[in-house]
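# A closer look at the structure
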Amino acid sequence: MKIHLRALAGTSTGYYLTLGGLLLLVALGAYAAWTLEHLGHVASGMNNQIVWGLPHMFAVFLIVAASGALNVASMASAFGKAAYKPLAPLSALLAMAMLSGGLAVLLLDLGRPERLLVALTHFNFKSIFTWNVVLYSGFMALVAAYLWTMLEWSAKAWSARVGLAAFLWRVTLTTGTGSIFGFLIGRQALGSALLGPMFVVYSLSYGLAVFVLVLLAISHWTAKPLDAAMLARLLRLQALFVALVLFVVLVYHLTHLYFARQHGVERFLLLDGGIYTMLFWLVHLLLGNVLPLVLLLRGRPTATRAVLATLLVCLGGMAQMYVTIVGSQAFALVIFPGYAVHSSFGDGAIASYTPAALEWLLGLGGMALAALITLLALKWLTLLPQRLDRFPPDEAYAPAAGAQP
Amino acid sequence: MKPNTPATSSEPTPPWRDRRGFMAAGAAAMTGLLISPGVRLIVFALAASTPAASGANPKVRWGLLVDTNACAPGCDACVRACRTENGLPQNPGPTDAQWIRKIEIRELRTGKTQSLPVMCQHCAEPPCVDVCPTGASFKRVDGIVLVDKHICIGCRYCVMACPYKARSFVHEPLSGQKPDVPRGQGTVEGCTLCVHRVDRGESPACVQACAAQAQGAMVFGDLNDPQSEISLRLERYATRALREDLQLNTGVRYAGL
């Protein structure tokens, strides 16, 4: 079965209104970045106890979801499920757009964002951060190449191979992102080899959730209903990924609870941590995983259920990032185990942090940038399947039967 | 949003919607982005193979011994001296830098209290150096851990990685800096062991201030010289490193802890 792709017409008032709204958000994000650059991070809510704040939550969520957004394309190329092939270009586009949005926030939250060239020309290869710079650039290049093989008739023979490479790269990339936190030996809540694989699992869930949301939005706005069987497939996959998230979170906390030296941080995260405890139990676990699982597994899969479940998964994902990144810093470093400590620098105390409006603007600006790239690319390039109500059977898969615009 | 009319594959493609051109340009840009770090890497590797011109003596390992029995609770002479020497705020707020602070500790089981200064521990295996993406965090050959303010991008990963909370991020514009102590908004900093004084043959300001208070709780010297006062004391008394479990081989040791 040949795959026919199309571009979004993008001539409706709604399209331009959405575009305008996103541009406004991006402009506000740029304003926030400019202000932080000129006034310094004193204009944010961050301090010397919480040095990675809300912008990191947005940035890491976007980066993790970016690699997960490639799930659908990987199902087609790496796992040979032909039914997903028509959706692969959209999957690749979302991966690139979200990575761009996430990296923009990460870059603009640097103390010296104008030194980007320094980061691209000075390397310490013992740093997982450095490896991530390589992994991010490589991911962008590989997915761009993958997209090209899907769109360019003469390159279609390479599509499956490049797709497989992109899949392997994205697993490495997300392991690297998780390891940024996993390699922090001094932080009680972090410094665990589990964090690499955990982030891979998070990415599977968050990325697919964003993909399903975007797909359903396109289906709704273009009045092209999505094939019920495809929706059911995507939601089954989403349910599996949500269950996997619950599994890794359970293993992480059970492991910590087994170690006496981790009891303090576990008590903080699970019982006494105020906003972090609430975000963990209520938003991440209950709203972000348990409720979506119920919605996905019980009853007939409908678009409304799908939208609700995937929105909740994204909300839970952001809560998880906030707890992982900010909560881990709020819990004081244990420099003197077995001692109560006090100092002028917050030793022994739970650090306080209230994100400033500028941080919200910067983070939301990054999300808007990802959406803007997606919206423009969908209009300028032929990335959407001609039909959303019919997909090729999986058996039809053959490497030679590539995409055709 | 109203339904859009799909474009069909038979429509002529306007030049600006030429996928091939667009993707080729994107690929070229991406290739450039990927290659430039690689080229730079070769230059960097060649530079790293040449001897450092820092002037630091590789035979020396500077260290500090803190005797917590001699460190008086409430005395913050070392902290004030550090702030004066390095041009740091005397009454720091939550966003201000603190290169050294006094920590009051009370053992939960026995109630025993102690007071001690904590600063950069100048580890032989410094996590801040390991995680720094640009190499701005570095260790001199004489063991002093510093930040190169010219290539620090302000990512704060070293602040996250330090198990001693010894690093601070500069949150706002600075004025009235000391000529010997370069600092910069948006970069990370920490105790330099008063490297500018050490290179002149003097002791760090905190050690000098402690001695001036007749506390004598801090001893500075060369850990590699068996005849130095610090080495003799380390040989004579039981001392500990903070977070010994991490095995970072710290240059700062504590007696009486």
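Structure's up top.
If you're wondering where the values come from, they're calculated on a predicted model, not measured in any experiment.

### Details of the overall build of chain B
Summing up its helical and strand segments, chain B has 7 helices and 10 strands in all. Residue burial in chain B is summarised as follows: out of 257 residues, 41% are buried. Of all intrachain contacts in chain B linking residues separated by at least 6 positions in sequence, the fraction that spans at least 24 positions is 60%.

### Comments concerning the interface of chain B and chain A
Contact residues are listed per partner, giving 67 residues for chain B and 70 residues for chain A. Contributing elements (two or more residues each) for the side of chain B that touches chain A: helix 1 (19–48), strand 2 (100–107), helix 3 (127–131), helix 4 (157–161) and strand 6 (167–169) of chain B. Per element, the largest residue contribution to the side of chain B that touches chain A is 13 residues, and it comes from helix 1 of chain B. Looking at the side of chain B that touches chain A residue by residue, the classes come out as 36 nonpolar, 15 polar and 16 charged. Two elements, strand 2 (residues 339–343) of chain A and strand 2 of chain B, share 5 bridges in a ladder whose sense is antiparallel. Looking at the pairing, Tyr-339 of chain A lines up with Glu-107 of chain B of strand 2 of chain B.

### Re the environment of Leu-65 of chain B
Locating Leu-65 of chain B in the fold gives a position in strand 1 (residues 62–67). Sequence separation of Leu-65 of chain B and Ala-241 of chain B is 176 residues, and the distance between their C-alpha atoms is 9.8 Å.

### Observations regarding the environment of Thr-239 of chain B
Residue and element names in this part refer to chain B. By the secondary structure assignment, Thr-239 is in strand 9 (residues 239–240). According to the C-beta neighbour criterion, Thr-239 is partly exposed, with 19 such atoms within 10 Å. In the structure, Thr-239 is positioned 172 residues away from Asp-67 in sequence and 8.7 Å away in space, judged by C-alpha atoms. Residues in contact with Thr-239, not counting those within four places in the same chain, are Leu-65, Leu-234, Arg-253, Tyr-254 and Ala-255.

### Quick look at the pairing of strand 3 (residues 113–119) of chain B
Residue and element names in this part refer to chain B. Sheet analysis places strand 2 next to strand 3, joined by 7 bridges and oriented antiparallel. Note that in strand 3 the partner of Arg-106 across the bridge is Thr-113. Joining the antiparallel neighbours strand 2 and strand 3 is a turn of 5 residues, in which Gly-111 adopts a positive phi near 80 degrees.

### A few points about the sheet that holds strand 2 of chain A
With antiparallel pairing, the 3 strands of this open sheet are ordered in space as 2(A)-2(B)-3(B). Because the sheet does not close on itself, it has two edges, and the strands there are strand 2 of chain A together with strand 3 of chain B. Neighbour-to-neighbour, the strand axes of this sheet turn through a mean angle of 30 degrees, independent of strand direction. The strands touched by helix 2 (residues 77–86) of chain B are strand 2 and strand 3 of chain B; relative to strand 2 of chain B, the strand with the most contacts, the crossing angle is about 160 degrees.

### Looking at the environment of Leu-216 of chain A
Residue and element names in this part refer to chain A. Among the structural elements, Leu-216 can be located in helix 8 (residues 195–221). Note on Leu-216: 20 C-beta atoms within 10 Å, which makes it buried. In the structure, Leu-216 is positioned 90 residues away from Ala-306 in sequence and 8.5 Å away in space, judged by C-alpha atoms. Setting aside residues up to four positions removed in sequence, Leu-216 forms contacts with Leu-226, Ala-303, Ala-306 and Val-307.

### A few points about the packing of helix 4 (residues 88–108) of chain A against helix 6 (residues 128–151) of chain A
A packed helix pair is summarised by two numbers, namely the angle formed by the two axes and the spacing between the axes. Residues and elements named next belong to chain A. Close contact between helix 4 and helix 6 brings their axes to 10 Å; oriented N to C, the two are set at 155 degrees. One element, helix 4, and the other, helix 6, form an angle in the roughly antiparallel class. Considering the relative orientation of helix 4 and helix 6, their crossing is left-handed. Contacts from Ala-88, Pro-89, Ala-92, Leu-93, Ala-95, Met-96, Leu-99 and Leu-103 in helix 4 reach Tyr-136, Phe-139, Met-140, Val-143, Ala-144, Tyr-146, Leu-147, Met-150 and Leu-151 in helix 6. For the contact of helix 4 with helix 6, the class distribution of residues is 17 nonpolar, no polar and no charged.

### Re helix 1 (residues 13–39) of chain A
All names here are of chain A. The end-to-end C-alpha distance of helix 1 is 38 Å, a good match for the 39 Å that 27 residues give at a rise of 1.5 Å each. Among the residues of helix 1, those classed as buried are Leu-22, Val-26, Gly-29, Ala-32, Ala-33 and Leu-36. Just beyond helix 1, the residue with positive phi is Gly-40, at close to 90 degrees.

### Structural notes on the nonpolar core
Ranked by size, the top nonpolar core spans 213 residues in total, and within it Met-98 and Val-143 of chain A carry the most contacts. Not counting residues within four places of it along the chain, the set of residues in contact with Val-143 of chain A comprises Leu-70, Ala-92, Ala-95, Met-96 and Ala-166 of chain A.

### Thoughts on the sheet that holds strand 10 (residues 252–255) of chain B
Residues and elements named next belong to chain B. Pairing in this open sheet of 4 strands is mixed, and the strands run 8-1-10-9 from one edge to the other. At either margin of the open sheet sits one strand with a lone partner, and together these are strand 8 (218–222) and strand 9. Note that strand 1 and strand 8 share 5 bridges and pair antiparallel. Within strand 8, the position partnered with Val-66 by the bridge is Met-218. Against the sheet, helix 7 (residues 229–236) engages strand 1, strand 8, strand 9 and strand 10, with an angle of about 110 degrees to strand 8.

What counts and what doesn't
Residues numbered from 1 in each chain as written. Chains lettered and ligands numbered in written order. Predicted model: local features only at pLDDT ≥ 70, side-chain atom pairs only at ≥ 80, totals over all residues. Helix = DSSP H or I, 4+ residues; strand = E, 2+ residues; numbered from the N terminus. Buried ≥ 20, exposed ≤ 12 C-beta atoms within 10 Å, placed from the backbone. Contact = placed C-beta atoms within 7 Å. Nonpolar A, V, L, I, M, F, W, Y, C, P; charged D, E, K, R; others polar. Pairing = 2+ DSSP bridges. Axes fitted to C-alpha atoms, helices over the stretch in contact; angles between N-to-C directions. Parallel < 35°, antiparallel > 145°, perpendicular 65-115°, else oblique. Left-handed = near helix turned anticlockwise from the far one by under 90°. Expected span 1.5 Å × (residues − 1). Core = buried A, V, L, I, M, F, W, Y, C linked by C-beta atoms within 7 Å.

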